[in-house]
Amino acid sequence: MSSHPHVVDLFDVGVTVDQHPYLIMELCDGSYLDRMRVSPLGALEARDLGVKIADALVHSHANGVLHRDVKPANILYSHFNPAVLADFGLAVLGEMRDSSVTLEVLTPAYAPPEMFRHDAPSGAVDVYALSATLYAVMRGHPPRWDSERSPSLITLMELFDRPIPDLPNVPRSMTEVLRYGMANDPRARP
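Residues numbered from 1 in each chain as written. Predicted model: local features only at pLDDT ≥ 70, side-chain atom pairs only at ≥ 80, totals over all residues. Heavy atoms only, no water.

## Considerations on the overall build of the protein
- From N to C terminus, the protein includes six helices and seven strands.
- Counting only residues that meet the buried cut, the protein has 45% of its 190 residues in that class.
- Excluding contacts between residues fewer than 6 apart, the proportion of contacts in the protein whose partners are at least 24 apart in sequence is 61%. (Helix = DSSP H or I, 4+ residues; strand = E, 2+ residues; numbered from the N terminus. Buried < 20%, exposed > 50% of the residue type's maximum accessible area, 1.4 Å probe, protein only. Contact = heavy atoms within 4.5 Å.)

What follows is the structure, given as structure tokens:
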């Protein structure tokens, strides 16, 4: 998959003499988490980012791989490439439908409700996470969240019932597309 222009290039993998696995990937300058904290993206830049990463996810899904951890920290940029999807650490082969991901490894701000119920994963998980990511890079923090701290699981599940507010200087139609992608029911997502 790293042959896709918006998936981080992976040059080598292996295990060290002392049995530690390693990956050698392209050197990137930073992540969109860094970018959104300094200066949230405008609607046009977020749209372009979304198109690139959505294409990478389509390619990934077509090859039977679900990412399951799309978030601003896992979208990197460099001088040569404005957006590459990285960190397939929670990825799973689509046909496995493994729901064994634990709550400790999830990034709650970008995970859809079905991941907290341990439902079988589907491409809808990545659709939700990409939509939440795009909303966050324009807002400066995740949708529905009021602070940087992770809420309790009970509070988190209640957050899914909150409406997703409009964003200033973002066309309402773009916000509606993102809301559609963050539907609580995975069958309602595009």
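## Observations regarding the environment of V170
- Relative to the assigned elements, V170 resides in the loop between α5 (153-159) and α6 (172-181).
- On the basis of relative accessibility, which here comes to 13%, the residue V170 falls in the buried class.
- Along the chain, V170 and L44 lie 126 residues apart, while their C-alpha atoms are 8.8 Å from each other.
- Those residues in contact with V170, other than ones at most four positions away along the chain, are A43, M138 and T175.

## Digging into the environment of A136
- For A136, the position within the fold is in helix α4 (residues 123-139).
- With relative accessibility at 0%, the residue A136 sits in the buried group.
- Separated by 103 residues in sequence, A136 and L33 have C-alpha atoms that sit 8.9 Å apart.
- A136 has contacts with M36, Y110, H141, P142 and P143, leaving out every residue within four places of it along the chain.

## A few points about the sheet that holds strand β3 (residues 30-31)
- Strand order across the open sheet formed by three strands is β3-β5-β6, with antiparallel pairing between neighbours. At either margin of the open sheet sits one strand with a lone partner, and together these are β3 and β6 (84-85).
- Bridge analysis of β3 against strand β5 (residues 75-77) gives two bridges, and the strand direction is antiparallel. Residue pairing in the sheet places G30 in a bridge with Y77 of β5. (Pairing = 2+ DSSP bridges.)

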